[in-house]
Amino acid sequence: MRPIPSLEEIKNRVKEAYLQACFELPHIIKTSFVQARDKEEGLSKAVFDILLENAQIAEKERLPLCQDTGIPVVWVRLSEGLALPKGFTSVINLAIKEATEEGYLRPSVAHPLTRENTRTNGPAVFHFEITPEEEILEVYLMPKGCGSENMSRLKMLRPAEGLEGVKEFVIETVKEAGPNPCPPLIVGIGIGGTFESSAFLAKKALFRNLGEKNPDPLARALEEELLEKINLLGIGPLGFGGKTTALAVHVEWSYTHIASLPVAINLLCHSARVKKIKFL
């Protein structure tokens, strides 16, 4: 097995990737903006021009795409039997702290009750996934803004509500969110599992490449139907009306109890800040 990189290399790569996530709109998102703009008229078309100009300036000047540089969500995927070096999570938190200082990112992480700011944009929220794949160590980063995060919803549906209940809950959530999550959105949906795992599935769905379809035919059909219905809501880019409220709907699911149907919805704003680092 190839050796795990040193903590110093991990720190440096995470720091630069975190800054890139905050400064550089992914190419696939910019392309989707151009395609969506061509379908819009009037103010909604102008909004896409502004979003594209904003992305150009942010990348050129190495400035944040949005003043809310978020709370860091870190998803680590590693192979079974792989031992992470001591200090792994600490060095990732250090990388985010240094990125915050060097990139002049707004410190946005605070104690939930006292509201005292950590001033470091940490500690990060970590998720670990163990995979049977050989020689995998990947770190996925998402500086998650809370305009969209605060519009998240989770509901324990009755199994009898079924697929139609899932659809109604998703549409209701996006409609109530309106302009608050800064559309056009990527809508992450987690179905099944348990209370807490459905929420992670919804977050995991947002790490998927834009428009990458779920391989399960039923989930894929649900993604397509919901995207069409969401875009018929007319909320439009930044809530100014139009045909493009969402760029994509991503569904993840897992098996659940016969008496349960958890559904979680997590929205990603138009800045779509996601970076993936493959160490192994």
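Relevant structure appears above.
Quick look at the structure, then. The residue count restarts for each chain, going from 1 along the sequence in the order it is written. Restriction of local features to residues with pLDDT of at least 70 applies here, the model being predicted, together with a cutoff of 80 or more for giving and counting side-chain atom pairs; totals for whole chains, interfaces and linings are based on all residues. Side-chain measures here rest on the full set of heavy atoms in the structure, leaving out hydrogens and waters.

## Quick look at the sheet that holds strand 3 (residues 137-144)
Hydrogen bonds along the backbone pair up the strands of a sheet, which may run parallel or antiparallel. What makes two strands pair is DSSP finding at least two bridges between them. Under the DSSP-based scheme used, a helix requires at least four consecutive residues in state H or I and a strand at least two consecutive residues in state E, with every element numbered from the N terminus. Spatial ordering of the open sheet is given by 2-1-3-8, a layout of 4 strands whose pairing is mixed. The outermost strands of the open sheet, each flanked by one partner alone, are strand 2 (125-131) and strand 8 (275-278). Strand after strand, the sheet turns through a mean of 15° between neighbouring axes, direction not considered. Pairing of strand 1 (residues 71-79) with strand 2 involves 7 bridges; the strand directions are parallel. Following the sheet pairing, Trp-75 is matched in strand 2 by His-127. Note on contacts: a residue pair qualifies if any of its non-hydrogen atoms lie within 4.5 Å across the two residues. Fitting a line to C-alpha atoms yields each axis, with helices limited to the stretch in contact; the angle taken between N-to-C directions then spans 0 to 180 degrees. On top of the sheet, helix 1 (residues 7-23) reaches strand 1, strand 3 and strand 8; it is set at about 160° to strand 8, its chief contact.

## Details of the environment of Ile-235
With respect to the helices and strands, Ile-235 occurs in the loop between helix 8 (217-231) and strand 6 (246-254). The spacing of Ile-235 and Pro-183 is 52 residues in sequence and 8.1 Å in space, taken between C-alpha atoms. Once you skip the residues sitting within four places of it in the chain, Ile-235 turns out to touch Val-174, Lys-175, Gly-178, Pro-179, Pro-183, Phe-240, Gly-241, Gly-242 and Thr-245.

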